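Chain by chain, the residues:
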Amino acid sequence: MIMSKSVSILTLQKYKHEGRKIVALTAYDYSTAKTLDQAGVDIILVGDSLAMVALGHKTTHAVTVDEMLHHTKAVTRGATRALVVADLPFMSYQVDVTQAIINAGRFIKEAQAHAVKLEGATPLNLEIIERLSGMGIPVMGHLGFTPQSIFGLGGTRVQGRNADEARKLIADAEKLQKAGVFSVVLEMVPSVVSKIISERLHVPTIGIGAGNNCDGQILVTDDLLGKYTDFQPRFVRRFADLATICQEAIEEYAQAVMASEFPNAQESFALDKEEETELMRTLVEAK
Ligand code: KIV
């Protein structure tokens, strides 16, 4: 799909107004970012899910700012059209506003990300969002199931399941918008709640496990491609089974190597016949 004009926060706003759904996915490396970009994905999120998917941790907590920066740099090299959003990892913004500004600034300055994302609507987060958006750093919010708070939430659970919780989610989304976010991710939220939030907000909502009424959808790319197989949340649809395809290809390669069938002549480099003769002659003479 060729879509040349680059996506900005205004493009996303326009898409919401036009009812054009926003397509978002995660990437942690250059070649994945390039593929997503060329496929017409609007937002590429360098999610802290990379802690689990790319680095093999059990939760998102362990990933550091430096690790996130390293991957974000690779992603921004691969994306020319999509808006690249970098997740602020656990404990990179929870201390105070100064810490948040310094870390968010690094993603824009060192990694060339276009925006940052943070989880929750605490009073500190609202202040951070106001300050960052005021200095021209777009911020994406994230409500519902927020993986950085997995222990506080008691596990991976749908949020906003009763009227009180749902009202709090709606109020939090409105607070985030007032503070200045350009978009809000809604994770593991009942469809009716994400519908109400999407209708009330003028900024776009991006759903993951939040039903079909959000202004856009996001998934972890490795989940949709069937590459990350440690577990499959109910809301994930696998559009491919790359784990099996990759394993089969690697087994074929191993067999070809063991059978001395790889590499063949076309995959190897030859020496000119004359040079070969000369080489052999001098080697024999030198004996
Ligand atoms: O880290 C991540 O990949 C995310 C998405 C699941 C929204 O936050």
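Residues numbered from 1 in each chain as written. Predicted model: local features only at pLDDT ≥ 70, side-chain atom pairs only at ≥ 80, totals over all residues. Heavy atoms only, no water.

Caption draft 1: Geometry of the overall build of the protein. Counting secondary structure elements, the protein contains eleven helices and eight strands. Taken over C-alpha atoms, the radius of gyration comes to 24 Å for the protein, far larger than the 19 Å a tight globule of 287 residues would show. A burial count over the protein gives 47% of its 287 residues as buried. Taking contacts inside the protein between residues at least 6 apart in sequence as the whole, the part at least 24 apart equals 59%. Across the protein, 29 positive and 35 negative side-chain charges occur, with their mean positions spaced 10 Å apart. (Helix = DSSP H or I, 4+ residues; strand = E, 2+ residues; numbered from the N terminus. Rg over C-alpha atoms; globule rule 2.2 N^0.38 Å. Buried < 20%, exposed > 50% of the residue type's maximum accessible area, 1.4 Å probe, protein only. Contact = heavy atoms within 4.5 Å. Lys, Arg positive; Asp, Glu negative; His and termini not counted. Charge placed at Lys NZ, Arg CZ, Asp CG, Glu CD.)

Caption draft 2: Broad picture of the nonpolar core. By size, the foremost hydrophobic cluster in this structure holds 77 residues, and its most contacted members are I44 and F107. It is helix 7 (residues 163–179) that provides the largest number of residues to this core, a total of six residues. Excluding its chain neighbours within four sequence positions, the residues that come into contact with I44 are L25, T26, A27, A33, L36, D37, V75, A79, A82, L83, V84 and V85. (Core = buried A, V, L, I, M, F, W, Y, C linked by side-chain atoms within 4.5 Å.)

Caption draft 3: Local environment of the packing of helix 5 (residues 97–109) against helix 6 (residues 123–134). Direction vectors running N to C along helix 5 and helix 6 enclose 45°, while the axes themselves pass 10 Å from each other. The angle between the axes of helix 5 and helix 6 places the two elements in the oblique class. Here the hand of the crossing between helix 5 and helix 6 comes out right-handed. Taken together, the residues of helix 6 that come into contact with helix 5 (itself represented by V97, A100, I101 and A104) are L124, E127, I128, R131 and L132. Taken together, the residues of the contact of helix 5 with helix 6 break down into seven nonpolar, no polar and two charged. (Axes fitted to C-alpha atoms, helices over the stretch in contact; angles between N-to-C directions. Parallel < 35°, antiparallel > 145°, perpendicular 65-115°, else oblique. Left-handed = near helix turned anticlockwise from the far one by under 90°. Nonpolar A, V, L, I, M, F, W, Y, C, P; charged D, E, K, R; others polar.)

Caption draft 4: How the structure looks around the site of the ligand. Surveying the vicinity of the ligand reveals the residues T26, L45, G47, D48, S49, D87, K117, H142, V185, I208 and V220. D48 places a side-chain nitrogen or oxygen 3.1 Å from an oxygen atom of the ligand. Taking 260 Å² as the accessible area of the ligand by itself, protein coverage stands at 96%. Counted by class, the shell around the ligand contains four nonpolar, four polar and three charged residues. (Near = heavy atom within 4 Å. Polar contact = N/O pair within 3.5 Å; in protein donor to acceptor, adjacent residues only side chain to side chain. Areas by Shrake-Rupley, 256 points an atom, 1.4 Å probe, with all protein chains shown as cover.)

Caption draft 5: Broad picture of the packing of aromatic side chains. Inspection of the entire model under this criterion finds two aromatic pairs. Summarising the aromatic geometry, the rings of Y228 and F231 are spaced 6.1 Å apart at their centres and angled 80° between planes, so their arrangement reads as edge-to-face. For Y228, a relative accessible area of 9% corresponds to the buried category. With relative accessibility at 43%, the residue F231 sits in the partly exposed group. Consider the rings of Y253 and F262, whose centres lie 5.8 Å apart with planes at 65°: the pair is edge-to-face. Above the face of the Y15 ring, R20 is positioned so that its terminal group lies 3.8 Å from the ring centre. (Phe/Tyr/Trp six-rings, centres within 6.5 Å; stacked < 30°, edge-to-face > 60°. Lys NZ or Arg CZ within 6 Å of the ring centre and 35° of its normal.)

Caption draft 6: Just the pairing of strand 7 (residues 205–208), in detail. Along strand 7, one buried face is formed by T205 and G207 and the opposite face, lined by I206 and I208, is buried too. In this fold, strand 6 (residues 183–187) hands off to helix 8 (residues 191–200), which returns the chain to strand 7; that crossover is right-handed. Note that strand 7 and strand 8 (residues 216–219) share two bridges and pair parallel. Bridge assignment links G207 to a residue of strand 8, and that residue is Q217. (Right-handed = clockwise from strand over helix to strand, strands pointing away. Pairing = 2+ DSSP bridges.)

Caption draft 7: Representation of a negative patch on the surface in the model. Together, D241, E248, E251 and E252 line one region of the surface with negative charge. For E252, a relative accessible area of 57% translates into the label exposed. (Patch = residues over 30% accessible without salt bridge, like charges linked within 9 Å, V, L, I, M, F, W, Y side chains within 5 Å. Salt bridge = Lys/Arg side-chain N within 4 Å of Asp/Glu carboxyl O.)

Caption draft 8: Broad picture of the domain arrangement of the protein. For the protein, the domain assignment lists domain 1 (9–240) and domain 2 (245–286). Here the C-alpha centre of domain 2 lies 48 Å away from the C-alpha centre of domain 1. (Domains from an automatic or database assignment.)

Caption draft 9: How the structure looks around helix 1 (residues 9–18). Every buried residue of helix 1 is accounted for by T11, L12, Y15 and K16. Looking straight down helix 1, one finds its buried side chains confined to an arc of 140°; they lie on one side. For helix 1, the exposed residues set more than 90 degrees away from the buried face come down to L10, H17 and E18. The distance from a side-chain oxygen at the start of helix 1 to the backbone nitrogen of L10 is 3.1 Å, and the residue carrying that oxygen is S8. At the exit of helix 1 stands G19, carrying a positive phi of roughly 75°. (Arc of directions from axis to C-beta.)

Caption draft 10: Main features of a nonpolar patch on the surface. A contiguous nonpolar surface patch, about 440 Å² in accessible area, is contributed by Y253, V257, M258 and F262. Along the polypeptide, F262 turns up in the loop between helix 10 (242–258) and helix 11 (273–286).

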